[in-house]
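Chain residues, written in single-letter form:
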Amino acid sequence: MSYQHQFLDNSLIKLPFGKAVCVGRNYVEHAKELDNPVPCEPILFIKPASCALSFTPNFVIPKHLGDVHYEAEIAILIGNNLQGIITTEQAQQAVIAIAGALDLTLRDAQNILKKQGLPWEKAKCFDGALILTPFIKADNLDLTNLDIELLINKQTVQQGNSKQMITSIINLIKYITKHFCLQAGDVILTGTPAGVGKLKAGDQLQLNLVESQFYANVI
Ligand code: ZN
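Here we summarise the structure given alongside this text. (Residues numbered from 1 in each chain as written. Predicted model: local features only at pLDDT ≥ 70, side-chain atom pairs only at ≥ 80, totals over all residues. Heavy atoms only, no water.)

### Observations concerning the sheet that holds strand β14 (residues 197-198)
With respect to topology, three strands assemble into an open sheet ordered β8-β5-β14, the strand pairing being antiparallel. The open sheet terminates on both sides in strands that have one partner only, identified here as β8 (105-106) and β14. When strand β5 (residues 68-70) meets β14, the two strands line up antiparallel, connected through two bridges. Each residue of the ladder has a partner; that of histidine 69, found in β14, is lysine 198. (Pairing = 2+ DSSP bridges. Helix = DSSP H or I, 4+ residues; strand = E, 2+ residues; numbered from the N terminus.)

And the structure:
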């Protein structure tokens, strides 16, 4: 895999990409649509960097592994090493950029694993399971008010704002580092709003994040 983080102007971000820490059910309406209880603390799982592909101009999805679902999410790029109990200020300083992400999920496989009480890696960590747009510098962004929208074939399918998150971006960072370290270059996927569904080859995607629009074709 040759994925590397980059900014909107295509300049490469010189940080190694180790892992994406993903948050499950961080929007109430999404938990409900999959018949999951709303969690009392964040649900975390990890995608390795080897999953990642660039959103634009196109990306490939698996064809023979059952339904592939999109989950559009706000991704946070961490710029400092963080560990243990950290302050709100340390968490804020660590956020250097944001991107749009698709947490691709083999939903049929995940449902079977969930029923059996097994880990989700086969459904969440296949090659190409993490799609990332270029990053937008976080300098002037209000992390508590970020809009994200996904359109498929010109129809809006998901729409959310970070103010709807059950656990805010800064509190997620503080929660995660209590359990394991975050390293410079790591990414956090902050959960998906309602509206997840099936992706298929030939779909034309538009992902809107704050002021930016990103386009991709699914192949
Ligand atoms: Zn997700």
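### Section: helix α3 (residues 107-116)
Burial in α3 covers these residues: Arg107, Gln110 and Leu113. Buried residues of α3, viewed axially, fall in a sector of 120 degrees; they line one side. The exposed residues of α3 that point more than 90 degrees off its buried face are Lys115 and Gln116. Phi turns positive, to about 70 degrees, at glycine 117, one or two residues after α3. (Buried < 20%, exposed > 50% of the residue type's maximum accessible area, 1.4 Å probe, protein only. Arc of directions from axis to C-beta.)

### Let's talk about the coordination of the zinc ion
The protein atoms that coordinate the zinc ion are Glu71 (OE), Glu73 (OE) and Asp103 (OD), at distances of 2.0 to 2.1 Å. Of note, the zinc ion draws all its donor residues from one chain, in the sequence arrangement E-x1-E-x29-D. The burial state of glutamate 71 is the same as that of glutamate 73; both residues are buried. (Donors = N, O, S within 2.8 Å, 3.2 Å for Na, K, Ca; no water.)

### A few points about the pattern of salt bridges
Going through the model one piece at a time under the given rule, you end up with eight salt bridges. Among the ionic pairs, lysine 19 bridges to aspartate 186, the shortest N-O distance being 2.6 Å. Remark: aspartate 186 occurs in the loop between α5 (169-179) and β13 (187-189) and lysine 19 occurs in strand β1 (residues 19-24); sequence separation between them is 167 residues. The class for lysine 19 is buried, based on a relative accessible area of 14%. Across the pair aspartate 103 and lysine 124 runs a salt bridge, and its minimum N-O distance is 2.9 Å. Highlighted residues: aspartate 103 in strand β7 (residues 95-103) and lysine 124 in helix α4 (residues 121-124), separated in sequence by 21 residues. (Salt bridge = Lys/Arg side-chain N within 4 Å of Asp/Glu carboxyl O.)

### Describing unusual backbone geometry
Cis geometry marks the peptide bond from threonine 56 to proline 57, where omega comes out at 5 degrees. For proline 57, the position within the fold is in the loop between β3 (52-54) and β4 (58-59). Backbone geometry places asparagine 153, a non-glycine residue, at a positive phi of 50 degrees. With a relative accessible area of 36%, asparagine 153 lands in the partly exposed category.

### A few points about the packing of aromatic side chains
In the structure shown here, the tally under the stated rule is three aromatic pairs. Ring plane angle 35 degrees and centroid distance 6.0 Å describe the contact between phenylalanine 55 and phenylalanine 59, whose orientation is recorded as tilted. The same class applies to phenylalanine 55 as to phenylalanine 59, namely buried. The lysine or arginine in question, lysine 137, covers the ring of phenylalanine 7, its NZ or CZ lying 4.6 Å from the ring centre. (Phe/Tyr/Trp six-rings, centres within 6.5 Å; stacked < 30°, edge-to-face > 60°. Lys NZ or Arg CZ within 6 Å of the ring centre and 35° of its normal.)

### Examining the environment of phenylalanine 135
Counting through the fold element by element, phenylalanine 135 comes out in the loop between β9 (130-132) and β10 (136-137). Here phenylalanine 135 falls in the buried class, since its relative accessible area comes to 1%. Remark: the alpha-carbon pair of phenylalanine 135 and isoleucine 96, spanning 39 residues in sequence, is separated by 9.1 Å. Contact partners of phenylalanine 135, with chain neighbours within four places excluded, come to Tyr3, His5, Gln6, Phe7, Leu8, Ile13, Ala75, Leu77, Ala97, Ile98, Ala99 and Val187. (Contact = heavy atoms within 4.5 Å.)

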